[in-house]
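# Structural features, examined
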Protein chains: 2
Amino acid sequence: MALISPSRRLRRTPFSQGVEAAGVSAYTVYNHMLLPTVFRSVEEDYHHLKSAVQIWDVACERQIELHGPDAARLMQMLTPRDLAVMAVGQCCYVPMVDERGGMLNDPVAVKLAEDRWWISIADSDLLLWVKGIAHAARLDVMVDEPDVSPLAVQGPRADDLMARVFGDAVRAIRFFRFAHFEFQGRDMVIARSGFSKQGGFEIYVPDHELGMPLWHALMEAGRDLDVRAGCPNGIERVEGGLLSYGNDMTRENTPHEAGLGRFCNTARVTGCIGREALLRMDRDGPTRQIRPIAIDSRALPRCDRPWALMDGTRSVGQITSAAQSPDFGCGVAIGMIAHSHWAAGTAVQVETQAGRFPAVVRDGFWI
Amino acid sequence: MALISPSRRLRRTPFSQGVEAAGVSAYTVYNHMLLPTVFRSVEEDYHHLKSAVQIWDVACERQIELHGPDAARLMQMLTPRDLAVMAVGQCCYVPMVDERGGMLNDPVAVKLAEDRWWISIADSDLLLWVKGIAHAARLDVMVDEPDVSPLAVQGPRADDLMARVFGDAVRAIRFFRFAHFEFQGRDMVIARSGFSKQGGFEIYVPDHELGMPLWHALMEAGRDLDVRAGCPNGIERVEGGLLSYGNDMTRENTPHEAGLGRFCNTARVTGCIGREALLRMDRDGPTRQIRPIAIDSRALPRCDRPWALMDGTRSVGQITSAAQSPDFGCGVAIGMIAHSHWAAGTAVQVETQAGRFPAVVRDGFWI
């Protein structure tokens, strides 16, 4: 693997000092920001995540804040998911599409107040889309990227660790809900969410100066819980079927292709962008869709490019994320595959840069 | 330095195979795409760039294509630079700002026809801004990212190399103009431009399948010219004062602060976004501005974060790009500095992660 060249453009985070001290060995770049990808090894990090608790620098999940009289109206223009029933204190996974129904991002909406929202984004400058729409549609709303950096606490011991720092009330937060807590006299939004299937929280740190004090407090409190610095894990997230925008779907894909049709209430959301295209997709259904795919492999190369899914000489789709799973003893993968071949049990072949592997479509992820 | 973790989200380019075979040792990420930063060493690459000719994979300079009846109108909404006088065949450096006058990108506009333009972008998803504006303003224009990947040929021997592949007519292309040439029966736009001060061209490769054939043709033709794979050089570009969006200016800065006021014809461009804010800046002038800054150093740490510019205990600005220059025997830097201290000859101190260095404001870059 090659090195990453540091520059100001690849933004450091409020937690970078902690990440470096913990011995980060590799990064990716996400929203123009450094996102750690490996500490000890992907495999060692994976086993630890599944058995203990980790602190993740996910500051790269940048927030877009909408504030003002038209905030709710703008939010509903941005997504086909019906937000009418969404309460303050709730988080919602909201696909966002362009006028042709192509996915622009798959963020989490955080409803702070009736007129104030955060959009916690995946890897695209969604801020520019939201600002462009708000400006050209002359909406009365402030749109900006605030100084808010998520820190995730993930793993089976996350509740115990969090309770030591924030009190037992954190245990009561329900999945995809948030509540307000105090740290060093400052209000922090804490949600039960995160990019793993091991359980845990995301703390929305509202000031970069609070980053390292909170990092140290969590590390200190979790010593006997074997707390470590960690990061979204490339094996665990594929096992769990957590999609990654830019990897598993892009602007070339619809929510229906990404298996996110259930988050589109397009028929009753009359003001959303891309509605006509989405209604057409509701009617016609997708011709290809994301599926879990098991690869018969002992080791896999890096999935650094789409891998063609083949039925003999015929291309029937592509794999966009893959890793060798220690726990399941096979290659675990996320792929987009044609209707003709997406039924569970269908045998296909995967064309990688290291040769072909036999594979089979599954009916569910590894959870 | 840490490693970079490959994934499909960090897009490979039509030239990645050539880059890898040439022994790339480090990358950055730019527009969700891999951009090589080092082959042999930054210093060795630098000397070679200044004396021979290099082929650069700058596919990450993605294009936004505007096509349709409202293309020209949309282009002029996007920038305060007056495009009325721009001819087909011309390239223009066009600052783009949001409604508050904050910079969103500093791309090059390429006028292909009266109703067809490319915007060759720096590192932000400007596509989303342009699409958002076009959609909400109900303009009659197609906005998309085409399969076009620039390949740059840079260095003092660039003309000789290009003439061997495309014929002597390439020598006649003037600075920031383009013309059409043929390669393997396909039309290619070639401009005299590039992110170095050593002269050269950018070839807009219109199909990823043509990437490696063109790469090989150039390498083959330039053997006796000592052609090598190269990349934008972190020393040379700072010496030359070539600004980098995300490093030297961000959305927090105005064009005037970035020293780009001369590209803003705001008074006569009545339809541009951010006009009111820009007119205010025209009137009041900036209170801080980009300057070349010489650092009294023998070696510098990586400029991976803004470095405070100090006058004793008082912060008067920041350095955003810096490198140790072999040819000039000092640290060369780009900084943004307060009006009180921006006069050439002003002595300041630079606060880096490796300690303080004395520095002085210059009146020009090192060219």
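Residues numbered from 1 in each chain as written. Chains lettered and ligands numbered in written order. Predicted model: local features only at pLDDT ≥ 70, side-chain atom pairs only at ≥ 80, totals over all residues.

## Digging into the pairing of strand S12 (residues 149-154) of chain B
Residues and elements named next belong to chain B.
- Summarising burial for S12: six of the six residues are buried, a large majority.
- Burial of the side chains of S12 extends over both faces: Ser149, Leu151 and Val153 are buried on one face and Pro150, Ala152 and Gln154 on the other.
- When strand S4 (residues 53-57) meets S12, the two strands line up antiparallel, connected through four bridges. Pairing of Trp56 across the sheet is with Ala152, part of S12.
- As paired elements, S12 and strand S15 (residues 200-205) share six bridges and run antiparallel to each other. When the bridges of S15 are listed, Ala152 appears paired with Glu202. (Buried ≥ 20, exposed ≤ 12 C-beta atoms within 10 Å, placed from the backbone. Helix = DSSP H or I, 4+ residues; strand = E, 2+ residues; numbered from the N terminus. Pairing = 2+ DSSP bridges.)

## Re the sheet that holds strand S5 (residues 63-67) of chain A
Residues and elements named next belong to chain A.
- Read across the open sheet, the five strands follow the order S6-S9-S10-S5-S11; overall the sheet is antiparallel. A strand with exactly one partner marks an edge of an open sheet, and here the two such strands are strand S6 (91-93) and strand S11 (142-144). Across the sheet, the mean angle separating the axes of adjacent strands is 20 degrees when strand polarity is ignored.
- Sheet analysis places S5 next to S11, joined by three bridges and oriented antiparallel. By the bridge assignment for S11, His67 is matched with Met142. (Axes fitted to C-alpha atoms, helices over the stretch in contact; angles between N-to-C directions.)

## Here we look at the confidence of the model for chain A
- Per-residue confidence for chain A gives a mean pLDDT of 98; residues scoring 70 or more make up 100%.
- Interface confidence for the predicted complex, given as ipTM, is 0.97, next to a pTM of 0.97. (pLDDT = per-residue confidence, 0-100.)

## Observations concerning the domain arrangement of chain A
All names here are of chain A.
- Structurally, chain A comprises domain 1 (16-62 + 147-237), domain 2 (63-144) and domain 3 (287-367).
- If you average the C-alpha positions of domain 1 and of domain 3, the two centres end up 31 Å apart.
- Of the residues lining the interface, five residues belong to domain 1; the matching set on domain 3 comes to four residues. (Domains from an automatic or database assignment. Contact = placed C-beta atoms within 7 Å.)

## Observations concerning the sheet that holds strand S21 (residues 347-352) of chain A
Residues and elements named next belong to chain A.
- Judged by pairing direction, the barrel is antiparallel, and its six strands sit side by side in the order S17-S20-S19-S18-S21-S22 before closing back on the first. Shown here is a sheet whose adjacent strand axes are inclined to one another by a mean of 40 degrees, direction ignored.
- Relative to strand S22 (residues 355-361), S21 is paired through six bridges, and the arrangement is antiparallel. Its bridge partner lying in S22, Val350 is registered against Phe357.

## Describing the relation of the copies chain A and chain B
- Mapping chain A onto chain B is achieved by rotating through 180 degrees and translating by 0.0 Å along the same axis, at an RMSD of 0.0 Å. Seen this way, the second copy is the image of the first under a two-fold rotation axis.
- Most of the interface of chain A is mirrored in chain B: 100% of its interface residues are interface residues there too. (Least-squares fit on C-alpha atoms with pLDDT ≥ 70 in both.)

## Overview of the packing of helix H5 (residues 158-166) of chain A against helix H6 (residues 211-221) of chain A
Residue and element names in this part refer to chain A.
- Packing of H5 against H6 leaves a shortest axis separation of 9 Å and a crossing angle of 120 degrees. If you check the angle between H5 and H6, you find them oblique. In this structure, the crossing between H5 and H6 has a hand that is right-handed. Residues Leu161, Arg164 and Val165 of H5 form the contact with H6, whose own contacting residues are Ala217, Leu218 and Ala221. (Parallel < 35°, antiparallel > 145°, perpendicular 65-115°, else oblique. Left-handed = near helix turned anticlockwise from the far one by under 90°.)

## As for the interface of chain A and chain B
- Contacts between the two partners involve 45 residues from chain A and, on the opposite side, 45 residues from chain B.
- Of the residues belonging to the side of chain A that touches chain B, the class tally is 21 nonpolar, 13 polar and 11 charged.
- In the sheet, strand S1 (residues 3-4) of chain A pairs with strand S2 (residues 26-30) of chain B via two bridges, with the strands oriented parallel. Among the inter-strand pairings, A:Leu3 is bridged to a residue of S2(B), identified as B:Ala26. (Nonpolar A, V, L, I, M, F, W, Y, C, P; charged D, E, K, R; others polar.)

## A look at unusual backbone geometry
Residue and element names in this part refer to chain A.
- Phi at Asn31 is positive, roughly 50 degrees, even though this residue is not glycine.
- Inspection of the secondary structure assignment puts Asn31 in the loop between strand S2 (26-30) and strand S3 (33-38).
- Backbone geometry at His32 places phi at a positive 60 degrees, although glycine is not the residue there.
- Inspection of the secondary structure puts His32 in the loop between S2 and S3.
- Residue classification places His32 among the buried residues on the basis of 20 C-beta atoms within 10 Å.

## A short note on the nonpolar core
- By size, the foremost hydrophobic cluster in this structure holds 228 residues, and its most contacted members are A:Leu126, A:Ile190, B:Leu126 and B:Ile190.
- Discounting residues that sit within four places of it in the chain, B:Ile190 has contacts with B:Phe166, B:Val170, B:Ile173, B:Phe178, B:Ala179, B:Phe181, B:Phe201 and B:Ile203. (Core = buried A, V, L, I, M, F, W, Y, C linked by C-beta atoms within 7 Å.)

## Structural notes on the environment of A:Cys264
All names here are of chain A.
- Its location among the elements puts Cys264 in the loop between helix H7 (236-239) and helix H8 (275-284).
- On the basis of neighbour count, Cys264 is assigned to the buried category, with 26 C-beta atoms found within 10 Å.
- With residues up to four places along the chain from it excluded, the contact list for Cys264 reads Pro80, Arg81, Pro95, Pro255 and Leu278.

## Looking at helix H2 (residues 42-51) of chain B
Residues and elements named next belong to chain B.
- Buried within H2 we find Val42, Asp45, Tyr46 and Leu49. Down the axis of H2, the buried set is contained in an arc of 105 degrees. They therefore lie on one face.
- Buried residues along H2 sit against strand S3 (33-38), S4, S12, strand S16 (227-230) and helix H7 (236-239). (Arc of directions from axis to C-beta.)

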